[in-house]
Amino acid sequence: MPVITLSSLLNSIPKRINVAFLMTDIQGYDFMAIKEAKNTLKERVTHIMTKVWYDDIYTYSGVHNDLCRDWLPLMTELGEFGY
Amino acid sequence: MLVKGNASGRRNNILQSVKDASSSISMMRLTGAVLVFCCIIDFTFKPKHLHSLRAAVADSTNVLDATKHKNNVSLLDLPLSVKDVAINVGSNIDPIMLADKKYGPCAHNIAVEPIVANKIPFHRQLSVLPAAVSSNPGVMSMRIYNVNGVSSRVVEMGGLPLCLSSRCLLY
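Just so it is clear, the structure is predicted and the values come from calculations on it, not from any experiment.

Undergrad: What is the right way to look at the sheet that holds strand S2 (residues 18–24) of chain A in this model?
TA: As a general point, the strands of a sheet are linked pairwise by backbone hydrogen bonds and lie either parallel or antiparallel. Spatially, five strands are ordered S3(A)-S2(A)-S1(B)-S2(B)-S3(B) in an open sheet, and the strand pairing comes out parallel. Each end of this open sheet is capped by a strand with a single partner; those strands are strand S3 (48–50) of chain A together with strand S3 (126–129) of chain B. Direction aside, neighbouring strands of the sheet carry axes that sit 15° apart on average.

Undergrad: How should the interface of chain B and chain A be read in this particular structure?
TA: Accessible area lost upon the coming together of the parts serves often as the stated size of an interface. Listed per partner, the contact involves 39 residues of chain B and 29 residues of chain A. Those elements giving two or more residues to the side of chain B that touches chain A turn out to be helix H2 (48–68), strand S1 (84–89), strand S4 (132–133), strand S5 (138–139), strand S6 (141–144) and strand S7 (153–155) of chain B. No other element matches the six residues that S1(B) contributes to the side of chain B that touches chain A. When the residues that make up the side of chain B that touches chain A are grouped by side-chain class, the tally is 23 nonpolar, 11 polar and five charged. Alignment of S2(A) against S1(B), held across six bridges, turns out to be parallel. Of the residues in S1(B), the one forming a bridge with A:Asn18 is B:Asp84.

Undergrad: What am I meant to see in the nonpolar core here?
TA: One broad trend across soluble globular proteins is that nonpolar side chains are buried collectively. Judged by nonpolar contacts, the single largest core of 31 residues is most densely connected at A:Leu6, A:Val19, A:Ala33, B:Ile87, B:Val112 and B:Val133. Secondary-structure elements contributing two or more residues to this core are strand S1 (2–4), helix H1 (6–11), S2 and helix H2 (30–36) of chain A together with S1, strand S2 (107–112), S3 and S4 of chain B. At four residues, the largest contribution of residues to this core is made by S1(B). For B:Ile87, the contacting residues outside a window of four places in its chain are A:Leu9, A:Val19, A:Leu22 and B:Ile110.

Undergrad: Sorry, what's going on with unusual backbone geometry here?
TA: Note: most residues except glycine have negative phi, and most peptide bonds are trans. Of note in this structure, A:Gln27 is not a glycine but carries a positive phi near 55°. Here A:Gln27 shows up in the loop between S2 and H2. For A:Gln27, a count of 19 C-beta atoms within 10 Å gives the class partly exposed. With a phi close to 60°, B:Asn92 is a non-glycine residue in the positive phi region. Within the fold, B:Asn92 resides in the loop between S1 and helix H3 (100–103).

Undergrad: Just checking my understanding: could you explain the environment of B:Pro95 for this structure?
TA: All names here are of chain B. In this fold, Pro95 is placed in the loop between S1 and H3. In this structure Pro95 comes out as buried when scored by C-beta crowding, with 23 C-beta atoms within 10 Å. With 14 residues separating them in the primary sequence, Pro95 and Asn109 have C-alpha atoms 8.3 Å apart.

Parameters and conventions
Residues numbered from 1 in each chain as written. Chains lettered and ligands numbered in written order. Predicted model: local features only at pLDDT ≥ 70, side-chain atom pairs only at ≥ 80, totals over all residues. Pairing = 2+ DSSP bridges. Helix = DSSP H or I, 4+ residues; strand = E, 2+ residues; numbered from the N terminus. Axes fitted to C-alpha atoms, helices over the stretch in contact; angles between N-to-C directions. Contact = placed C-beta atoms within 7 Å. Nonpolar A, V, L, I, M, F, W, Y, C, P; charged D, E, K, R; others polar. Core = buried A, V, L, I, M, F, W, Y, C linked by C-beta atoms within 7 Å. Buried ≥ 20, exposed ≤ 12 C-beta atoms within 10 Å, placed from the backbone.

Here is the structure:
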């Protein structure tokens, strides 16, 4: 199965097109995929909807996708705090 | 007796050399037959999944080559009229679509779905990319869980299986 990165997908969309919405549901790999593309996301994407883990309930092992530990620091770094 | 003995000896030598020659010829024939047999087996009974695997790896290599050159990426070919885009990574068979009332007919939707991409119904404002998304590009295996791969995820090559039931398949 070919695996691509979110940044390569976003870079394949012409700059004239507004990326209005990004939704991810990739079984715990959401944070890894979005963190890889954080610089491109800040420039291109206006709204993100994703699945996160909360209250120490982890659906899958071996990946990081916790709201408080992973997502909030990243979103603060990106300058967004609404969720 | 001597003459006879010499003649019989020569005859024996000749017979022995003829036998050696014939045995070497038969060995050559046998070797040739084995080689031909191996070629026939190789071309006829080669597992078809190897061909599909090679094709998949070639496709993946093309995708990866495209992703390496960020200024010349050919992952998508969007219409020129598109103004807004929604991306749904891991959409399964029902990707989200931008509402027509707000965005109109110039909006487009991109669904990235590795398992059931071929089951997504056609829509003129939807492009489907049959690939997985992760932090690093490459080629990985996927464990398929549940109906339509609802809970599937990528696994590292050679890793332990995460699903032990009979409904867990390697894609």
